[in-house]
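Take a look at the letters that make up each chain.
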Amino acid sequence: MDHFDAIAELDRQSVLHPFTYLKGHASGEGPVPVIIEGAKGVRIRDARGHELIDGFAGLYCVNIGYGRTEVAEAIARQAYKLAYYHSYAGHTTEELARLSDRLLRMAPGRMSKVFYGLSGSDANETQAKLVWYYNNLRGKPAKKKIIARERGYHGCSVIAGSMTGMNFYHDHMDLPVSGILRTGVPHHYWGAMPGETEQEFSQRRADELEALILGEGPGTVGAFIAEPVLGTGGIIPPPAGYWAAIQAVLRRYDVLLIADEVICGFGRVGTPFGSHLYGIEPDLISVAKGLTSAYIPLSACLVGEKVYAVIEEATDRVGPFSHGYTYSGHPIGAAAANAALDIVEREDLAGKAATRGAYLLQRLTQEFQQSPIVGEIRGVGMLAAIEFVADRAHKTRFDPALKVGPRISQAARERGLIARAMPHGDILGFAPPLVMNEGEIDEMVDITRAALRQVT
Ligand code: PLP
């Protein structure tokens, strides 16, 4: 047993890996632990020296690419200067104040303040509490239910996990908790009726949302949460007219809109936020991932004027805002975010995501549209997906037992590309670092073609 085998064995015996078949993993029958040793640009390298193009930017998060020393140096500088102080009771740091001002200037809508956490899940957990707090403080204690979408992904903590709309994140874990309502996924390809245009389909989804709110009673519905582009549920850009129709309903019934920008934020869809692209005017915004490009954990809730004004006004009556973490506003996280966002802005990574994302979509369409097992190719910015079907003409899905999506993803991996088999349906997802260039996109497409050929 060499050094790396020994490390793999230690891992097998000791780490509870997320989203992993645990029994096989522990016994060594399942996937062998893959030790990732290093990374540069868009490529990661395992301990055996194999390189892989990371077509998924980790988990849609390493937007600036790997090995950016300027972020590492900013982290080190802050650690030397002041590794930690909390942000309770008005304590702050220069990096935190600068980051917060910057986020408010970048953000869509009328945002007032920024609250910090460490993950997308905890940001969404905070959003739910803000909705409840806001409605309690303004004398509407019944207005608490939160509507989330089927196949939306908002994290896996208790409330965020409940807002996530895929059963396998709930099963055997006593989720969802009560008070979470579900509305339909806006996927025109599968959901539209024969001959229904995108506009008509969007309006139907909005009508369903309205019917749900009316059925429950508008006085009981506090918020609607959604990703501008639905991510983990299948990388599904909204159909034309969707966001305008949805927002009209929310405004009519005084329902807050939480934009979960954890994937879309900071350039991924070709604009600073997904909300900019689709004309979304959220009341609350969650960000994480691209905020630091995952160089260190950090998330944030941007709190809109409407909500913040109520919270601030009530302080004399109810006392301090009693929510926060030891690590809220961690100075090293703030320093990392400022350095990562400097790169996003200086290198115009939103602009690059728009042009290179268009190139990626065009290449995928060119190469795979004619394949008899390709149902839909879709994407926006540096988010793209190929959805595989058993019969294109009749739009029938593959038997899930055939694991077509996972097998294509695995074949790509063996050829040096990480493209993710999305957890719902036979979908191959791409979300590369925003710094990926056209030559690297061509490499991804070439490997995908070879993988497809092998499996079909
Ligand atoms: N929201 C969205 C849209 C996400 O894609 C994710 C993670 O993929 C989360 C929330 C949860 O973030 P985290 O895994 O950092 O808790």
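Predicted model only: the values in this text are computed from it and were never measured. (Residues numbered from 1 in each chain as written. Predicted model: local features only at pLDDT ≥ 70, side-chain atom pairs only at ≥ 80, totals over all residues.)

Engineer: Before we go on, may I ask you to explain the pairing of strand S5 (residues 145-149) in this structure?
Structural biologist: As a general feature of sheets, a regular strand has side chains that alternate between the two faces. Judged by how many residues are buried, S5 sits mostly within the fold: five of five residues are covered. Judged by which residues are buried, S5 turns out to be covered on both faces: Lys 145, Ile 147 and Arg 149 on one side and Ile 146 and Ala 148 on the other are all buried. Across three bridges, S5 lies against strand S7 (residues 221-226) in parallel orientation. If you follow Lys 145 over to S7, its bridge partner there is Val 221. Where S5 lies against strand S6 (residues 180-183), four bridges are found, and the strand directions are parallel. Within S6, the residue paired with Ile 147 across the bridge is Leu 181. In this fold, S5 hands off to helix H7 (residues 158-163), which returns the chain to S6; that crossover is right-handed. (Buried ≥ 20, exposed ≤ 12 C-beta atoms within 10 Å, placed from the backbone. Helix = DSSP H or I, 4+ residues; strand = E, 2+ residues; numbered from the N terminus. Pairing = 2+ DSSP bridges. Right-handed = clockwise from strand over helix to strand, strands pointing away.)

Engineer: Just to check I follow, could you spell out the site of the ligand for this structure?
Structural biologist: What surrounds the ligand is a group of 15 residues, the closest being Ser 119, Gly 120, Ser 121, Gly 155 and Val 262. The biggest single contributor to the shell around the ligand is helix H6 (residues 120-137), with three residues. Grouping the amino acids of the shell around the ligand by side-chain chemistry returns five nonpolar, eight polar and two charged. (Near = placed C-beta within 6 Å. Nonpolar A, V, L, I, M, F, W, Y, C, P; charged D, E, K, R; others polar.)

Engineer: Quick question: what am I supposed to make of the sheet that holds strand S11 (residues 374-380) here?
Structural biologist: Strand pairing in a sheet takes place through backbone hydrogen bonds and is either antiparallel or parallel in direction. What the four strands build is an open sheet, ordered S11-S12-S15-S14; its pairing is antiparallel. Unpaired on one side and paired on the other, S11 and strand S14 (420-421) mark the two borders of the sheet. Strand direction decides the pairing type here: S14 and strand S15 (residues 427-430), joined by two bridges, are antiparallel. What sits directly across from Ala 421, in S15, is Leu 428.

Engineer: Help me understand the nonpolar core, please; the structure alone is not making it clear to me.
Structural biologist: Most often, soluble globular proteins have nonpolar side chains that are buried together. Leu 284, Ala 300, Leu 302, Val 303, Ala 336 and Ala 340 are the most contacted members of the largest nonpolar core, which totals 123 residues. With nine residues, helix H14 (residues 331-346) is the largest single contributor of residues to this core. Two domains each provide a minimum of three residues to this core, namely domain 1 (34-64 + 348-455) and domain 2 (70-346). In this view, Leu 302 contacts Leu 103, Ala 107, Met 111, Val 114, Leu 284 and Ile 285; residues no more than four positions away in its chain are not counted. (Core = buried A, V, L, I, M, F, W, Y, C linked by C-beta atoms within 7 Å. Domains from an automatic or database assignment. Contact = placed C-beta atoms within 7 Å.)

Engineer: Is there a simple way to explain the pairing of S7 in this structure?
Structural biologist: Most of S7 sits out of view: six of its six residues are buried. Bridge count between S7 and strand S8 (residues 256-260): four bridges; the pairing is parallel. Across the sheet, residue Ile 225 finds its bridge partner in S8, namely Ile 258. With helix H10 (residues 242-252) bridging S7 and the parallel S8, this β-α-β connection has right-handed handedness.

Engineer: Is there a simple way to think about the packing of helix H4 (residues 69-81) against H14 in this case?
Structural biologist: Helices that pack against each other are described as a pair by the angle of their axes relative to one another and the distance between those axes. Two elements in contact, H4 and H14, have axes separated by 8 Å at closest approach and are oriented at 155°. What the angle tells us is that H4 and H14 run roughly antiparallel. Helix-helix and strand crossings are classified by hand; for H4 and H14 the assignment is right-handed. Contacts between H4 and H14 pair Glu 70, Val 71, Ala 74, Ile 75, Arg 77, Gln 78 and Ala 79 from the former with Pro 331, Ile 332, Ala 335, Ala 336, Asn 338, Ala 339, Ala 340 and Ile 343 from the latter. Along the lines of polarity and charge, the residues of the contact of H4 with H14 split into 11 nonpolar, two polar and two charged. (Axes fitted to C-alpha atoms, helices over the stretch in contact; angles between N-to-C directions. Parallel < 35°, antiparallel > 145°, perpendicular 65-115°, else oblique. Left-handed = near helix turned anticlockwise from the far one by under 90°.)

Engineer: Hey, could you run me through the domain arrangement of the protein chain in this one?
Structural biologist: Where interface size is quoted, it is often the accessible area lost as the parts come together. Domain boundaries assigned for the protein chain yield domain 1 (34-64 + 348-455) and domain 2 (70-346). For domain 1 and domain 2, the distance between their C-alpha centroids amounts to 26 Å. Contacts between the two partners involve 28 residues from domain 1, matched on the other side by 26 residues from domain 2. Contributions of two or more residues to the side of domain 1 that touches domain 2 are made by helix H3 (57-60), helix H15 (349-368), S11, strand S12 (383-388) and S15.

Engineer: Before we go on, may I ask you to explain unusual backbone geometry in this structure?
Structural biologist: Note: most peptide bonds trans; most residues except glycine with negative phi. At the junction of Leu 175 and Pro 176, the peptide bond is cis and its omega measures out at 0° in the coordinates. You can see Pro 176 is positioned in the loop between H7 and S6. Of note, the phi angle at Phe 266 is positive, near 70°, even though the residue is not glycine.

Engineer: For this particular structure, what's the right way to read the environment of Leu 291?
Structural biologist: With respect to the secondary-structure elements, Leu 291 resides in the loop between strand S9 (284-287) and strand S10 (299-304). Expressed as a C-alpha distance, the spacing of Leu 291 and Ala 240, which sit 51 residues apart in the sequence, is 28 Å. When neighbours within four sequence positions are excluded, Leu 291 is seen to be in contact with Gly 265, Phe 266, Leu 298, Ser 299, Ala 300 and Ala 337.

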